[in-house]
Amino acid sequence: MRFILIGIGLTFVGFLVLGVMGGQYQAATFEENEFGTCYEYFEDKPPQEINCSFKIMDQTVFFALVIGLLAAGMIALVKGVRGDWDSKVKPEDIVGPGNSQNEDSEGKQD
């Protein structure tokens with residue numbers, strides 16, 4: 001169950017990061033294809049021309065991070081759905097009301 005929750009969380013974060021910050025990384029491809037020059041934009045000064053390869057590299061790293069988050073989420077989901085590792089607990093490691101071994105060793109009775 002933990003892996004399913006972790007997988008859902010990682011997948012959600014991956015899509016959230018892509019949706020929130022992905023738009024600014026798409027501009028490099030459009031600028032290079034349409035104009036052949038890339039610009040870095042600032043709020044307080046005019047845009048400056050930069051090398052497109054740096055902007056494309058930033059875009060590639062960003063998308064690799066997003067793909068990594070999504071892949072980790074999918075792997076955790078698959079492991080959580082397929083795995084039966086939760087049910088393979090040694091009897092001496094079980095805690096809680098279902099463990100008869102703990103009740104006998106403590107000598108408590110209801």
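Here the residue numbers are simple positions, counted from 1 along each chain's written sequence. This being a predicted model, a pLDDT of at least 70 is required before a residue's local features are given, and a value of 80 or more before pairs of side-chain atoms are given or counted; all residues contribute to the totals for chains, interfaces and linings. Neither water nor hydrogens contribute to the side-chain values; these are computed over all heavy atoms in the structure.

Student: Just give me the short version of the packing of aromatic side chains, but keep the residues and values in it.
Tutor: Ring pairs are drawn from Phe, Tyr and Trp, using the six-membered ring of Trp, whenever the two centres fall within 6.5 Å, and their geometry is named by plane angle: stacked under 30 degrees, edge-to-face over 60, tilted for the rest. Evaluation of the coordinates by the stated rule reveals 1 aromatic pair. Ring centres of phenylalanine 62 and phenylalanine 63 lie 5.3 Å apart, and the angle between their planes is 65°; on these two criteria the pair is classed as edge-to-face. Accessible area is worked out with a 1.4 Å probe on protein chains only. A residue is then buried under 20% of its type maximum, exposed over 50%, and partly exposed in between. Given the relative accessible area of 5%, phenylalanine 62 is considered buried. Directly above the ring of phenylalanine 42 sits lysine 45, whose terminal nitrogen or CZ lies 4.5 Å from the centroid. Only lysine NZ and arginine CZ atoms are considered, and such an atom sits over a ring when it is within 6 Å of the ring centre and within 35 degrees of the ring normal.

Student: Give me the packing of helix 1 (residues 2-34) against helix 2 (residues 52-82): which residues, what numbers.
Tutor: Angles shown run from 0 to 180 degrees and are taken between the N-to-C directions of axes, each axis being a line fitted to C-alpha atoms and, for helices, limited to the stretch in contact. Each helix corresponds to a stretch of at least 4 residues labelled H or I by DSSP, and each strand to a stretch of at least 2 residues labelled E; elements are numbered beginning at the N terminus. At a closest axis distance of 8 Å, the pairing of helix 1 and helix 2 adopts a crossing angle of 160°. One finds that helix 1 runs roughly antiparallel with respect to helix 2. The chirality of how helix 1 crosses helix 2 is left-handed. Of the residues belonging to the contact of helix 1 with helix 2, the class tally is 24 nonpolar, 8 polar and 5 charged. With respect to orientation, any angle under 35 degrees is reported as roughly parallel, any angle over 145 as roughly antiparallel, any angle of 65 to 115 as roughly perpendicular, and every other angle as oblique. For a crossing to be left-handed, the near helix must be turned anticlockwise from the far one by less than a right angle; the clockwise case is right-handed. Under the scheme applied here, ten amino acids are nonpolar (Ala, Val, Leu, Ile, Met, Phe, Trp, Tyr, Cys and Pro), four are charged (Asp, Glu, Lys and Arg), and all others, including Gly, are polar.

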